[in-house]
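# Results of the structural survey
Each chain is listed here by its residues.
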Number of protein chains: 2
Amino acid sequence: MSTWQDYLKKNKEAHLEELVEYCSIPSISSLAEYAADVRKAGQWTLERFKKSGLENTAMYETGGHPVVYGDWIHAEGRPTVLIYGHFDTQPVDPLNLWTSPPFEPTIHDGRLYARGATDDKGNLFAPLTVIEAMLKTAGRLPINIKFFTEGQEEIGSPTLPAWVAENKELLKADMVFSADGGQWFEDQGALQIGFRGLAALQVDMEGPAGDIHSGIYGGAVANPIHALVRLLDTMRSPDGRITVEGFYDDVRALSREEKSRMAEVPFSEQEFLKETGAAALFGEPGYSTYERQWVRPTLEINGIGGGFQDEGLKTVLPSKAMAKISCRLVPDQEPDKIKDLIEAHIKKHCPAEVRVRVTKSDSAAFPYIMEPGHPGLAAAGEVLKTIYGKEPYWTRTGGTVPVCSLFQRLVGMDTVLFGFGLDDENQHGPDEFIRLASFEKAQTAYGLVMEKLAE
Amino acid sequence: MSTWQDYLKKNKEAHLEELVEYCSIPSISSLAEYAADVRKAGQWTLERFKKSGLENTAMYETGGHPVVYGDWIHAEGRPTVLIYGHFDTQPVDPLNLWTSPPFEPTIHDGRLYARGATDDKGNLFAPLTVIEAMLKTAGRLPINIKFFTEGQEEIGSPTLPAWVAENKELLKADMVFSADGGQWFEDQGALQIGFRGLAALQVDMEGPAGDIHSGIYGGAVANPIHALVRLLDTMRSPDGRITVEGFYDDVRALSREEKSRMAEVPFSEQEFLKETGAAALFGEPGYSTYERQWVRPTLEINGIGGGFQDEGLKTVLPSKAMAKISCRLVPDQEPDKIKDLIEAHIKKHCPAEVRVRVTKSDSAAFPYIMEPGHPGLAAAGEVLKTIYGKEPYWTRTGGTVPVCSLFQRLVGMDTVLFGFGLDDENQHGPDEFIRLASFEKAQTAYGLVMEKLAE
């Protein structure tokens, strides 16, 4: 009888073709005009679930973008694992920085380039091919699997909490394995025991009622860009420390053990600067780069705009200016409280000569951290050791998977982060890609961990 | 024999139709894709010069947008006046704030709405109709006229200085009357004895080489928007005083006489706020609103942009941010020196963790002021008194007509600012318009002043 590994080898080209098809759906969850495409990616996922042999497959409405579910629960006495992933993607602008069109997947040099290739379609598709391989060869899975995917991860899953709260029984499992995660090194595995949370808002400022002549009125009418610049500058010190009152109040101190484990992870300043293209290291004094990325909260201006931005000169005193702000949160910060603190700061520091409006984003996520002794972590760790030939590092990651804290808080399940993308794969930027070798590693890892958990 | 006044009355509708045609040419000088339209507006001007009876009409190349010239110099022994205006316009964005399309002129409620209607096509066209009226009725003009128009006023006339330097003889006159100016009140005339100058530049900042994931990298890579915000915030104090080192060094003190003349001009805080839509008065402490507008220099951010500005949320740590800055200058500030000071300030205050690039704009203008005893001012003052029935106010204006300082510095001619637009006519914003009554006032005023100067 052929094994699941044989099956994956035999179907390698076919699976790659399917992934290309999957990545060609522009399922951008943040832009209203792509809502139908998000649904289309969900439909694709649903059909692919059926084809793999999953049962009880269904697309469920959440009030926002849909979720897609399937399961195979015939392994009596064995643990039940919920696999999580998302089929929505980030937007693609600035489009002109892409080497090839973001939704026309291109394969070269052992990489598949497309928006969503690594975050998260490729990493989600890998375990699905393993389930198919096992069901088509052995006719069964070593453990019970619930496969759960969503379409609004990239906007912070605004309507998911209510849906999860209403569907706890459907989702209930012994643990979650999230296919939305990543590895730190090509040659050594890493287990990520925590994610940062997210809180976001937009600040809109208005000065004059319309754009006015900067010659006639300049000097006598407050410019909302200047006011915005002043306000934003009150939020962070030059060295990167957040100066919003109360911002750090709930930050849990880093344990000496975790600090020393993090220090074991190799770091090359030169490579980091090369990878990011930044001119110099930067961040809160007293913390290492990893600590700044993983265990310290941020306040980041994701976008700013106002006045005349085109080629040339337009000597206007603009009516409006806006900034989009998001924070990455760490235990035990809470998204709503952080948004309130920032709003209070804005109200307190906004100059009186302009009008300000704060719009809090529904996209929010609690930070997530799991206990180091969890059985899922142990199994994952052994598999990583088998695959890479070395003990995995234990780290956190700075990104956000809102569903982890959601599962922990609402369903009582901890999540093992088990994804195989690498940091340099431009997850939210132009020229996103996935290494085909990582995709294969992910297949092997999911197969082995399912067998390991059956023991 | 019918008078020029009769002629203008009789041809009122026809002239209005022509102005509509003139204003429907999208002659936006700042955008390269409209260069042909600027030229088209120049061509329209040239043909209209010929039709009016002007002689020696020609379009001249300047290396940028063209200039258009025509004259009538048969009034021996009488003064020669150069009339100045411009046929280019400001850009139109944000287009969605226009009630009717900017280049489809619409007339209602005694106003003609179009980009360029008041700034400067309407104000330029008025004296031209007077010249036509005089030549068609009396067959001659009371004085010698040189009519000079250009197509790059709205971008600071970058290639005009060299052209004027080479064509001093052609342009040489006893004085200039500029049709690019305005009145302060509908019911009382004003003579503006000075303009502010202009200096502009753009700041571009770069952090990471591309947009990167604010979760993975946030906190450990400098965000160019934060760096830009910090830098810009070092340039102005919260109360509007410019804090660029040396910025005020060359500012000439305001004389007690001029200060008291300015104080005579009525000012209503309520009307000013209604007109601008601003929430409150604002500006440099120790100065009146008029002084802030007319005799104090500014540093204004005309536009800012960076990162994600569309609908929704994109948690990106952006690669780039930029700001467009322009300064209005007063005697005796010099544009190049001010640009150098700002550049030095930027170099000194830019954080080391980002890369900065300063691009100085070629668009520049010296501030302009004329002596109160000038004979052109006296004639203009008498005409304004005739038209409005009261002595005109003596003021300055905060806008910039680069050509005034150019004529003064290169050809030794002073310029009387003799335009009839009003401040509320949205010169650089959406829904620009000209009052038809102002257009008629301009016609009468130019006719009378030509007669007055002949005495």
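Residues numbered from 1 in each chain as written. Chains lettered and ligands numbered in written order. Predicted model: local features only at pLDDT ≥ 70, side-chain atom pairs only at ≥ 80, totals over all residues. Heavy atoms only, no water.

## Considering the relation of the copies chain A and chain B
- Mapping chain A onto chain B calls for a rotation angle of 180 degrees and an axial translation of 0.0 Å; the resulting RMSD is 0.1 Å. Here the transformation between the copies is reduced to the relation of a two-fold axis. No C-alpha of chain A approaches the rotation axis more nearly than that of G305(A), which lies at 2.2 Å.
- Looking at chain A, 100% of its interface residues are interface residues in chain B too, so the copies touch through the same face. (Least-squares fit on C-alpha atoms with pLDDT ≥ 70 in both. Contact = heavy atoms within 4.5 Å.)

## Points about the packing of helix 2 (residues 12–23) of chain B against helix 3 (residues 35–52) of chain B
All names here are of chain B.
- Where helix 2 meets helix 3, the axes come as close as 11 Å, and the angle between the chain directions of the two elements is 155 degrees. In terms of orientation, helix 2 and helix 3 fall into the roughly antiparallel class. Only A41, W44, T45, R48 and K51 of helix 3 make contact with helix 2, whose side of the interface consists of H15, E18, E21 and Y22.
- Partitioning the contact of helix 2 with helix 3 into residue classes produces three nonpolar, two polar and four charged. (Axes fitted to C-alpha atoms, helices over the stretch in contact; angles between N-to-C directions. Helix = DSSP H or I, 4+ residues; strand = E, 2+ residues; numbered from the N terminus. Parallel < 35°, antiparallel > 145°, perpendicular 65-115°, else oblique. Nonpolar A, V, L, I, M, F, W, Y, C, P; charged D, E, K, R; others polar.)

## Remarks on the pairing of strand 3 (residues 80–86) of chain A
All names here are of chain A.
- With respect to burial, strand 3 is a largely interior element, seven of its seven residues being buried.
- Going residue by residue along strand 3, you find T80, L82, Y84 and H86 tucked away on one face and V81, I83 and G85 tucked away on the opposite face as well.
- Looking at chain direction, strand 3 and strand 6 (residues 144–150) are connected through seven bridges and run parallel. When the bridges of strand 6 are listed, H86 appears paired with E150.
- As defined by bridge partners, strand 3 adjoins strand 7 (residues 175–178) across four bridges and the pair is classed as parallel. (Buried < 20%, exposed > 50% of the residue type's maximum accessible area, 1.4 Å probe, protein only. Pairing = 2+ DSSP bridges.)

## Points about the packing of helix 2 (residues 12–23) of chain A against helix 4 (residues 117–137) of chain A
Residue and element names in this part refer to chain A.
- Contact pair helix 2 / helix 4: the axes reach a minimum separation of 10 Å and the direction vectors enclose 140 degrees. In terms of orientation, helix 2 lies oblique with respect to helix 4. Of the two possible hands of crossing, helix 2 and helix 4 adopt the one that is right-handed. When helix 2 is examined against helix 4, the residues H15, E18, L19, Y22 and C23 are found in contact with a partner set consisting of A117, K121, G122, L124, F125, T129 and E132. (Left-handed = near helix turned anticlockwise from the far one by under 90°.)

## Brief notes about the interface of chain A and chain B
- Contact with chain A, which involves 88 residues of that partner, is made by 88 residues of chain B.
- Surface buried jointly by chain A and chain B totals about 7,800 Å² across both partners, of which 53% is contributed by carbon and sulfur atoms.
- Inspection of the region where chain A meets chain B yields two salt bridges.
- Close ionic contact of R230(B) with D233(A) constitutes a salt bridge, the shortest N to O distance being 2.8 Å.
- Viewed at the interface, chain B and chain A are joined by 47 residue pairs in polar contact (both at pLDDT 80 or more).
- The leading source of residues in the side of chain A that touches chain B is strand 13 (residues 298–307) of chain A, at ten residues.
- Two elements, strand 13 of chain A and strand 13 (residues 300–307) of chain B, share five bridges in a ladder whose sense is antiparallel. Note that in strand 13 of chain B the partner of G306(A) across the bridge is I304(B). (Buried area = accessible area lost by both parts, 1.4 Å probe. Salt bridge = Lys/Arg side-chain N within 4 Å of Asp/Glu carboxyl O. Polar contact = N/O pair within 3.5 Å; in protein donor to acceptor, adjacent residues only side chain to side chain.)

## Remarks on the pattern of salt bridges
Residues and elements named next belong to chain B.
- What the rule picks out here adds up to 56 salt bridges over all chains.
- Between R296 and E284 there is a salt bridge, with its nearest N and O atoms 2.8 Å apart. With R296 in the loop between helix 10 (289–294) and strand 13 and E284 in the loop between helix 9 (269–276) and helix 10, this pair connects stretches of sequence that are twelve residues apart. As far as burial versus exposure is concerned, R296 and E284 are alike and both buried.

## Some words on the sheet that holds strand 21 (residues 433–435) of chain B
Residue and element names in this part refer to chain B.
- Read across the open sheet, the three strands follow the order 4-5-21; overall the sheet is antiparallel. Across the chains shown, the open sheet's two edge strands, defined by having one partner strand only, are strand 4 (106–108) and strand 21. Within the sheet, the average angular offset between the axes of one strand and its neighbour, ignoring direction, is 20 degrees.
- Two elements, strand 4 and strand 5 (residues 111–113), share three bridges in a ladder whose sense is antiparallel.

## Here we look at the sheet that holds strand 16 (residues 355–365) of chain B
- Sheet architecture is open: eight strands sit in the order 16(A)-11(A)-15(A)-13(A)-13(B)-15(B)-11(B)-16(B), paired in antiparallel fashion. Each edge of the sheet is formed by a strand with only one pairing partner; in this case those strands are strand 16 (355–365) of chain A together with strand 16 of chain B. Averaged over neighbouring strand pairs, the angle between their axes works out to 20 degrees when direction is ignored.
- Relative to strand 16 of chain B, strand 11 (residues 197–206) of chain B is paired through eight bridges, and the arrangement is antiparallel.

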